[in-house]
Amino acid sequence: MPNRFIVEADGGSRGNPGPAGYGAVVLDAVTGEALAEAAEYIGTATNNVAEYKGLIAGLEAAHALDPDAEVQVRMDSKLVVEQMSGRWKIKHPDMKPLAARAQRAFPAGRVSYQWIPREQNKHADRLANEAMDAGKAGRQWEPGLSSADRGTTGVAAALEIPAAEPLAEPKAAPVGWAAPADLGAPTTFVLLRHGETALTPEKRFSGSGGSDPELSPAGRRQAEAAAAALAARGTIQAIVTSPMRRCRETAEAIAGRLGLDVRVEEGLREADFGAWEGLTFAEVRERFPEDLDAWLASTKAAPTGGGESFATVARRVSLSRDKLLARYAGRTVLLVTHVTPIKTLVRLALGAPPESLFRMELSAASLSAVAYYADGNASLRLLNETSHLR
């Protein structure tokens, strides 16, 4: 099942035309959780221009979270809803390029539109007004002024929507010692692979579709060693784990040492390896040679029996990454997870091709780390460190 998002968007102008701004929020259609917020002061414009720009920002934020999701747009602008639904013609020359940009922002076949009364669009309306207030004060809207004070999440800092140009891939910029000084503290994910299970030494496929094994005695010792090393460093501010038993047990060992709570994030679970669960690579090669060759050749190929492709895993891991970046902006967070999610996060941070997944070694209970900056760039700080296990 694809992810389902609700995009609520609004725009306003104090003068029509006058000082204008927009706001948009992306919600999980099932839980109602706010996944992303965007808002911007756009200078002098009309209400309709601001509304369209709010729509564009919301769709682009949803696309950044999951380009394959299904989206329902809810707005209190009858004009925008009817025009984007194709029931009204777009006659005004200022609206045509904006509508075209909105159509490019997300595949039209996965977007539907619904008009709602203004009182049901309060979240987006509030963001738009915050953006206009910020513009009046001579600054741009900042997500922390909205989301942090109200308990919602927002990734607008990482999804800065420009006023006139479509989103582009961020250009690589120097990081580390050469990074610009004004980016602020990065959000750092310390990535810990869980400790060993009985299947780990035998190198058997062990994903989210299998037996969900517990830590072995060796794995429990590894978890304690990782906990001691992380406690000595003293930098971890929050702990998030995959829902799978081996990760939860590893995370709980560390949480007990650090005095922190553990939050479960479903998107950090291991890939589902289908009919390959519990088998060694050699056994899969013997039983399903054609399926294995296809899997090794393309990230879109799934294991035998309805498992997950690497492309599918990358989409859900990216969504979890963005949610966690919004929730823990500027903090250092321990993510206890598995081989495929960790390799995926590293690959995405490096901008490496999909085949790089097969060229990384990740030992049980190893530590890696990625820092994410406010300009959208990322820096790999550590990969497969195991010194704490010696």
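The structure contained in this document is the topic of the report that follows.

Basis of the calculations
Residues numbered from 1 in each chain as written. Predicted model: local features only at pLDDT ≥ 70, side-chain atom pairs only at ≥ 80, totals over all residues. Heavy atoms only, no water. Helix = DSSP H or I, 4+ residues; strand = E, 2+ residues; numbered from the N terminus. Buried < 20%, exposed > 50% of the residue type's maximum accessible area, 1.4 Å probe, protein only. Contact = heavy atoms within 4.5 Å. Areas by Shrake-Rupley, 256 points an atom, 1.4 Å probe, with all protein chains shown as cover. Patch = residues over 30% accessible without salt bridge, like charges linked within 9 Å, V, L, I, M, F, W, Y side chains within 5 Å. Salt bridge = Lys/Arg side-chain N within 4 Å of Asp/Glu carboxyl O. Axes fitted to C-alpha atoms, helices over the stretch in contact; angles between N-to-C directions. Parallel < 35°, antiparallel > 145°, perpendicular 65-115°, else oblique. Left-handed = near helix turned anticlockwise from the far one by under 90°. Pairing = 2+ DSSP bridges. Phe/Tyr/Trp six-rings, centres within 6.5 Å; stacked < 30°, edge-to-face > 60°.

**Examining the overall build of the chain**
So, step 1. Scanning the chain for helices and strands turns up eleven helices and eleven strands.
So, step 2. The 390 residues of the chain split such that 52% are buried.
So, step 3. Sequence separation of 24 or more characterises 71% of the internal contacts of the chain that already satisfy a separation of 6 or more.
So, step 4. As displayed, the chain offers around 17,700 Å² of accessible surface, 50% of which is attributable to carbon and sulfur atoms.

**Thoughts on a nonpolar patch on the surface**
So, step 1. A contiguous nonpolar patch, built from Phe 281, Leu 296 and Phe 358 and spanning about 250 Å² of accessible area, is present on the exposed surface.
So, step 2. Here Phe 358 is to be found in the loop between helix H11 (339-350) and strand E10 (367-372).

**Quick look at the pattern of salt bridges**
So, step 1. Counted under the stated rule, the structure contains 21 salt bridges.
So, step 2. Residues Asp 133 and Arg 14 are paired through a salt bridge, measuring 3.0 Å at the closest nitrogen-oxygen approach. Linking Asp 133 in helix H4 (residues 122-136) with Arg 14 in the loop between strand E1 (4-13) and strand E2 (18-28), this pair joins segments that are 119 residues apart in sequence.
So, step 3. Classification of Arg 14 as partly exposed rests on a relative accessible area of 37%.

**Examining the packing of helix H1 (residues 47-65) against helix H3 (residues 95-105)**
So, step 1. Contact geometry of H1 with H3 gives a least axis separation of 9 Å together with a crossing angle of 15°. Between H1 and H3, the angle falls in the class roughly parallel. For the crossing formed where H1 meets H3, the hand is left-handed. Contacts between H1 and H3 involve Asn 48, Val 49, Tyr 52, Lys 53, Leu 55, Ile 56, Leu 59, Glu 60 and His 63 from the former and Met 95, Leu 98, Ala 99, Arg 101, Ala 102 and Ala 105 from the latter.

**Focus: the sheet that holds E10**
So, step 1. In space, the six strands of this open sheet follow the order E8-E7-E9-E6-E10-E11, with mixed pairing throughout. What marks the edges here is a single partner per strand, and that holds for strand E8 (262-264) and strand E11 (378-385). Averaged over all pairs of adjacent strands, the angle between their axes in this sheet comes to 20°, without regard to strand direction.
So, step 2. Strand direction decides the pairing type here: strand E7 (residues 238-241) and E8, joined by three bridges, are parallel. Residue Val 240 lies in a different strand from E8, and its bridge partner there is Arg 263.
So, step 3. Across the sheet, helix H10 (residues 310-327) is in contact with strand E6 (187-193), E7, E8, strand E9 (332-337) and E10; its angle to E6 comes to roughly 130°.

**Brief notes about the packing of aromatic side chains**
So, step 1. According to the stated counting rule, one finds eight aromatic pairs in the structure shown.
So, step 2. Between Trp 295 and Phe 310, the ring centres sit 5.0 Å apart and the planes meet at 40°, which makes this aromatic pair tilted. Separated by 15 residues along the polypeptide, Trp 295 in helix H9 (residues 289-297) and Phe 310 in helix H10 bring together distant segments of the chain. Here Trp 295 and Phe 310 have matching classes, each one buried.
So, step 3. On the numbers, 5.7 Å between centres and 65° between planes, the contact of Phe 310 with Phe 358 is edge-to-face. Remark: Phe 358 occurs in the loop between H11 and E10 and Phe 310 occurs in helix H10; sequence separation between them is 48 residues.
So, step 4. Residue Phe 358 is classed as partly exposed on the basis of its relative accessible area of 38%.
So, step 5. Three or more aromatic residues joined by ring pairs make a cluster, and in this case those are Phe 205, Phe 273, Trp 276, Trp 295, Phe 310 and Phe 358.

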